[in-house]
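# What the coordinates show
Chain by chain, the residues:
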Amino acid sequence: MVVDTNFAGAKTNAWVTYSSDQKIEIGSDGTVTKTLTLTYKNPQQYFQDAKTQLKLNGIFRDWLRIYVPKGSQLVEATGFETGQTTTEDLGKTVFEGFFTLTPLNVKTISFKYKLPFKAKSPLELVIQKQGGSKDFPYTITVNGKKQPELILNSDKILNLSY
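Structure report, in brief. (Residues numbered from 1 in each chain as written. Predicted model: local features only at pLDDT ≥ 70, side-chain atom pairs only at ≥ 80, totals over all residues. Heavy atoms only, no water.)

## Remarks on the pattern of salt bridges
- Under the criterion given, the structure shown has 5 salt bridges.
- Its salt-bridge partner being lysine 70, residue glutamate 88 comes within 3.6 Å of it at the nearest N-O pair. With glutamate 88 in strand β8 (residues 84-89) and lysine 70 in the loop between β6 (60-69) and β7 (73-78), this residue pair connects regions lying 18 residues apart in the sequence.
- With relative accessibility at 53%, the residue glutamate 88 sits in the exposed group.
- On the basis of relative accessibility, which here comes to 49%, the residue lysine 70 falls in the partly exposed class.
- Between lysine 129 and aspartate 135 there is a salt bridge; the shortest N-O distance is 3.8 Å.
- In this structure lysine 129 comes out as buried when scored by relative accessible area, which is 13%. (Salt bridge = Lys/Arg side-chain N within 4 Å of Asp/Glu carboxyl O. Helix = DSSP H or I, 4+ residues; strand = E, 2+ residues; numbered from the N terminus. Buried < 20%, exposed > 50% of the residue type's maximum accessible area, 1.4 Å probe, protein only.)

## Comments concerning the environment of aspartate 155
- One can find aspartate 155 in the loop between β14 (150-152) and β15 (156-160).
- What makes aspartate 155 partly exposed here is its relative accessible area of 48%.
- As for aspartate 155 and threonine 52, which are separated by 103 residues in sequence, their C-alpha atoms are 38 Å apart.

## Side note on the nonpolar core
- Of all hydrophobic cores here, the largest spans 33 residues; its most connected members are Ile24, Tyr40, Leu64, Ile66, Phe111 and Ile140.
- Mapped onto this core, the elements with two or more residues apiece are β2 (17-26), β3 (32-42), β6, β9 (92-101), β10 (105-114), β11 (123-127), β12 (136-142) and β14.
- Discounting chain neighbours no more than four positions away, the residues touching isoleucine 140 are Gln22, Ile24, Leu125, Ile127, Lys145, Lys146, Gln147, Leu150, Leu158 and Leu160. (Core = buried A, V, L, I, M, F, W, Y, C linked by side-chain atoms within 4.5 Å. Contact = heavy atoms within 4.5 Å.)

In structure tokens, the structure reads:
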């Protein structure tokens, strides 16, 4: 599950779009390594309301958390401005950190991590969607084989053969 918390005071979320790409590598011994790459885009210029002088599209200040199976181990994370931390919450391991995105820019955040269990075929993949967030494209590749793209508009449970 990907959870965004916008610390900015304006309505920047209205312009920010994002997509997710998950690459799953399953070793011959069943070990599972995942790389989740999130791409955030703000294609609009700064926008200020003439009456209130409130900047409606400004800097997107986001505290990003991804919830993964408990016991997962982070191999590396890129794209954060303050580094990242690993915690536990709600029976899950959580990788989290802070980044900003300015108008007319793109930001990529990536997590590579190992699951605490061995894969069984088919591999069950549970993807949860943050309540109230926009629908977004989600691509999955298993051992180099790209799965059909889906639009994440609700929680999903997928069974992936490999």
